[in-house]
Amino acid sequence: MKKYGWLIGLGAVGLLACLPFFKSGYAINFLLIVFYWIGLTGCWNFMSGYTGYIDFGSVTYVGVGSYVAGVLTLKAGLPLFPAVLLAGLATFLLALMVGWPTLKLRGAYFAIATFALAEALKQVCEEWNSLTGGGSGLTYSLRLDDLTYYWIYLGLAAGVVGMTFFTDRSKMGYAMKAIHQDEQAAARVGINTHWIKIRAYGQSAFFMGLLGSLEASRLGYITPVDVFNVHITIKMVIMSLLGGMGTILGPVIGAGFLQVIEDVLGTSFLNWYLVFIGVIIILVIMFMPKGISGAISQRVARLLRKS
Amino acid sequence: MLPFIQALINGLLLGGIYAAFSAGFSLIFGVMGVVNIANGEMVMLGAFITFWLFELVKIDPFLSLPFSLIGLFCFGYLLQRFIINRVVGAPPIMSYIMTFGIHLTLANLALLAWSADPRVITTSYSGANLSSLGLTIPLVQLATFGLAFIIIAGLYILLYRTQIGRAIQATAQDREMARLMGISVHKVYAVTFGIGAAITGISGSLIAAFRHVETGMGLPYTIIAFCVVVLGGMGYIPGALVGGLILGVISSLSTYLFTAGWSTAITFFLLYLILLFRPQGILGKGIVE
């Protein structure tokens, strides 16, 4: 099963890629948002789920990506795709620079530091009027059609999940899991733990930059408060947790599950929806600390043992 | 020069109140390693207790302090006993997410119950000032500043001079050993959380005496508490006082010199740099993982 996992995954992506020929409208719009969140959550899971370094400021890379691509298309007149690629590159480099000192911190300190940085950059975008348009925001002039976004997001989500799949049982993946369990022991057996963490951080930031800038162009209008919103980070964390942290399919399950709930409840009960999410989070932590996929695999393991 | 001194005074006055609601946050982290993201909601609940007591039965904001003290102690005790206790000792992420879930639940329940309207308490002494030499000191803020000091001193005495305080300290230092010595660890945790919530709640009541009360006020105060506690040293109670005063002065002075927006940016960059270069806090007595 695990050996052919990539074949099944490829088949699923192929089927989803053909879906727009049979369905259109709402289903496509809903799914593209699910893919977007699978991508972002996958990035968060790749870094924080595997290494145990809880990043509370991931939205930094979504925000910086959005602004880099926005400024490049508006002020430098670049077409959308080169701008998006450059945004990804910029977030990758920023992550290497930020990661170098920040990844030396541990536990709550790493979480608070990344959070502080995201808030600081939000304020800089808000105050730097000449470049970012300040609090009144930035309008993207270039937009693709929804179907293109559907395929691109599907591709990126598959890319991130695929990256996780192939890293999971590579040398890098084992090193990341070793860091999660006991970083000092990992360092003692010769793993360059600092470099592994920076690499994972950079890789996930690259995809977040791509996704962030594309989503900004899809929405057409960004403000610092929107693209650096702490709730974007929180959503990645919650989706990872719901699905199961440090697993390949966790982000897919978590993002799918939460987005469906949001779609069902969010439209009709806007305020109650957030209360429900709060309660769901509390209950999941209390009764399913390993997420939905963890709870399912425990059940399955118990059944197999019985039979 | 005069506006500069005025900004300094404003910063110190603000810093006292920052210190008070951050002390509870620091206590909870120091004793059980839980980063309480719902800290700001305790501020919000305390502020609303004061507001409703004033609005409905005309109790003076300063006389409402015992009500928010007792109310939030019970609330914190039960919250820890039945919910948060599950994540003590689990990987830290569990506690962030759990308390974030509590934040989300409380903030949005409050929003449903009381709407997003900002509310103000206006008493007969609300606008009173003490002024001389061209400087003005708002009386209400001066009083809350003094009370904030008393709150922190009270917490200090409770921790270092009483039986329950010693039990809390023992549990913080070595949970297993404390248990073997006959301390009921779960009870200590629940009491600690109750105390933390109670101090934060009273600070919220004090804030209600001179600032807007609204349902969305929680998260910003949690973020300020992060900054204060990191500056002073995580888990070190007197550090909250130092951190609070420093943060109050920095944000007030940088607002005076630049703009409010840049002041926030400076605060966060400062927080980031302190974490990188001095994670044990300015005094060097915080817990370092």
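Relevant structure appears above.
What comes next concerns the included structure. (Residues numbered from 1 in each chain as written. Chains lettered and ligands numbered in written order. Predicted model: local features only at pLDDT ≥ 70, side-chain atom pairs only at ≥ 80, totals over all residues. Heavy atoms only, no water.)

### Observations concerning the interface of chain A and chain B
Right, on to step 1. Taken together, the 42 residues of chain A in the interface contact 41 residues of chain B.
Right, on to step 2. At the boundary of chain A with chain B, total buried surface from both sides reaches about 3700 Å², with 83% on carbon and sulfur atoms.
Right, on to step 3. Put simply, chain A and chain B have zero salt bridges between them.
Right, on to step 4. Listing elements by their share of the side of chain A that touches chain B, those giving two or more residues are helix 4 (80–102), helix 5 (107–127), helix 12 (230–243) and helix 14 (270–287) of chain A.
Right, on to step 5. Classifying every residue of the side of chain A that touches chain B gives 33 nonpolar, six polar and three charged. (Contact = heavy atoms within 4.5 Å. Buried area = accessible area lost by both parts, 1.4 Å probe. Salt bridge = Lys/Arg side-chain N within 4 Å of Asp/Glu carboxyl O. Helix = DSSP H or I, 4+ residues; strand = E, 2+ residues; numbered from the N terminus. Nonpolar A, V, L, I, M, F, W, Y, C, P; charged D, E, K, R; others polar.)

### Things to note about the pattern of salt bridges
Right, on to step 1. Scanning all chains against the criterion turns up eight salt bridges over all chains.
Right, on to step 2. With a shortest N-O distance of 3.3 Å, aspartate 168 of chain A and lysine 177 of chain A are connected by a salt bridge.
Right, on to step 3. A relative accessible area of 28% places lysine 177 of chain A in the partly exposed class.
Right, on to step 4. With a closest N to O distance of 3.1 Å, arginine 179 of chain B and glutamate 176 of chain B form a salt bridge. You can see arginine 179 of chain B and its partner glutamate 176 of chain B sitting in helix 7 (residues 175–180), three residues apart, about one turn around the helix.
Right, on to step 5. By relative accessible area, arginine 179 of chain B is classed as partly exposed at 46%.
Right, on to step 6. Within this structure, Arg106, Glu183 and Lys197 of chain A form a network of salt bridges that share partners. (Buried < 20%, exposed > 50% of the residue type's maximum accessible area, 1.4 Å probe, protein only.)

### Details of helix 8 (residues 171–181) of chain A
Residues and elements named next belong to chain A.
Right, on to step 1. For helix 8, the set of buried residues is Met172, Gly173, Ala175, Met176 and Ile179. Taken down its axis, helix 8 places every buried residue within 160° of arc, on the same side. Projecting away from the buried face of helix 8 at angles above 90 degrees are the exposed residues Lys171 and Gln181. (Arc of directions from axis to C-beta.)

### A word on empty space enclosed by the protein
Rolled over the atoms, a probe with the dimensions of a water molecule shows which regions are left empty.
Right, on to step 1. Scanning the model with the defined rule gives three cavities of 30 Å³ or more in all.
Right, on to step 2. Volume-wise, the largest cavity comes out at about 110 Å³.
Right, on to step 3. Every residue along the wall of the largest cavity is listed here: Phe56, Phe115, Val230 and Ile234 of chain A together with Ile37, Phe100, Leu219, Thr222, Ile223 and Phe226 of chain B.
Right, on to step 4. Broken down by secondary-structure element, the contributors of at least two residues to the lining of the largest cavity are helix 12 of chain A together with helix 9 (218–232) of chain B.
Right, on to step 5. The leading source of residues in the lining of the largest cavity is helix 9 of chain B, at four residues.
Right, on to step 6. Roughly 50 Å³ of internal volume is contained in the second largest cavity.
Right, on to step 7. Around the second largest cavity, the lining residues are Phe56, Ala108, Ala111, Ile112 and Phe115 of chain A together with Val35, Ile37, Tyr96 and Phe226 of chain B.
Right, on to step 8. Looking at which element gives the most residues to the lining of the second largest cavity, the answer is helix 5 of chain A, with four residues. (1 Å grid on protein atoms, 1.4 Å probe; cavity = no way out; pocket = protein on both sides within 12 Å on 5 of 7 lines; lining within 4 Å. Points joined across faces, edges and corners; volume = space filled by probe spheres on them.)

So, to be careful, I would describe these as geometric facts and stop short of saying anything about function.
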